[in-house]
Amino acid sequence: MRRIGSTPAERGSVGANNCPDVFEMEDGDFFVIGKVVRADQAPDAEELRRLGASIGTDELAVIVPRDCVLAAAKQLVAEGSVG
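The paragraphs below set out a description of the structure included in this document. Owing to the predicted nature of the structure, the values given are computational and were not obtained by experimental measurement.

1. Some thoughts on the packing of aromatic side chains
Scanning the model with the defined rule gives 1 aromatic pair in all. Here Phe-23 and Phe-31 contribute two aromatic rings whose centre-to-centre distance is 6.4 Å and whose plane-to-plane angle is 45°, an arrangement assigned as tilted. Residue Phe-23 is classed as buried on the basis of its relative accessible area of 14%.

2. Re the sheet that holds strand 2 (residues 21–24)
Taken in spatial order, the 3 strands line up as 1-2-3 in an open sheet, and their pairing is antiparallel. Each having just a single partner strand, strand 1 (2–3) and strand 3 (30–33) make up the two edges of the open sheet. Sheet analysis places strand 2 next to strand 3, joined by 4 bridges and oriented antiparallel. Bridge pairing in strand 3 places Val-22 opposite Val-32.

3. A closer look at the side chain of Glu-24
Along the chain, the position of Glu-24 falls in strand 2. Since its relative accessible area comes to 18%, Glu-24 is described here as buried. Setting aside chain neighbours within four positions, we find Glu-24 in contact with Met-1, Arg-2, Ile-4, Asp-29 and Phe-30.

4. Quick word on the nonpolar core
One finds Ile-4, Val-22, Cys-68, Ala-72 and Leu-76 forming the largest nonpolar core, which totals 5 residues. Setting aside residues no more than four positions away along its own chain, Ala-72 makes contact with Ile-4, Gly-5 and Val-22.

5. Observations regarding the pattern of salt bridges
Applying the stated criterion across every chain, the model contains 5 salt bridges. Between Arg-2 and Glu-79 there is a salt bridge whose closest N-O contact spans 2.7 Å. With Arg-2 in strand 1 and Glu-79 in the segment after helix 2 (66–78), this pair connects stretches of sequence that are 77 residues apart. We note a salt bridge from Asp-21 to Arg-3, for which the minimum N-O separation is 2.7 Å. On the criterion of sequence distance, the pair formed by Asp-21 in strand 2 and Arg-3 in strand 1 is long-range, its members being 18 residues apart. Among the residues examined, Asp-21 registers a relative accessible area of 3% and is labelled buried. Owing to a relative accessible area of 31%, Arg-3 belongs among the partly exposed residues under this scheme. Counted as one network, the salt bridges with shared partners bring together Arg-2, Glu-24 and Glu-79.

Rules used throughout
- Residues numbered from 1 in each chain as written.
- Predicted model: local features only at pLDDT ≥ 70, side-chain atom pairs only at ≥ 80, totals over all residues.
- Heavy atoms only, no water.
- Phe/Tyr/Trp six-rings, centres within 6.5 Å; stacked < 30°, edge-to-face > 60°.
- Buried < 20%, exposed > 50% of the residue type's maximum accessible area, 1.4 Å probe, protein only.
- Pairing = 2+ DSSP bridges.
- Helix = DSSP H or I, 4+ residues; strand = E, 2+ residues; numbered from the N terminus.
- Contact = heavy atoms within 4.5 Å.
- Core = buried A, V, L, I, M, F, W, Y, C linked by side-chain atoms within 4.5 Å.
- Salt bridge = Lys/Arg side-chain N within 4 Å of Asp/Glu carboxyl O.

And the structure:
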């Protein structure tokens with residue numbers, strides 16, 4: 001497993017234990033640490049369906065801060081892993 005993007009500390013986090021992060025697993029899948037979405041934060045099911053998405057019974061939605069996703073995307077693009 002390896003971190004994708006910058007560390008939480010590099011993104012300005014002062015607490016190293018509860019920070020969103022992105023990792024690449026050995027099989028190429030991604031492991032994402034984020035905040036679990038509360039019902040009042042999630043888009044409604046109809047809006048998700050309209051976008052061609054849904055949350056499966058074995059899935060949880062998480063919120064990952066923009067800076068965390070952008071740092072991961074920047075690294076993946078630089079490596080030629082995306083697009």
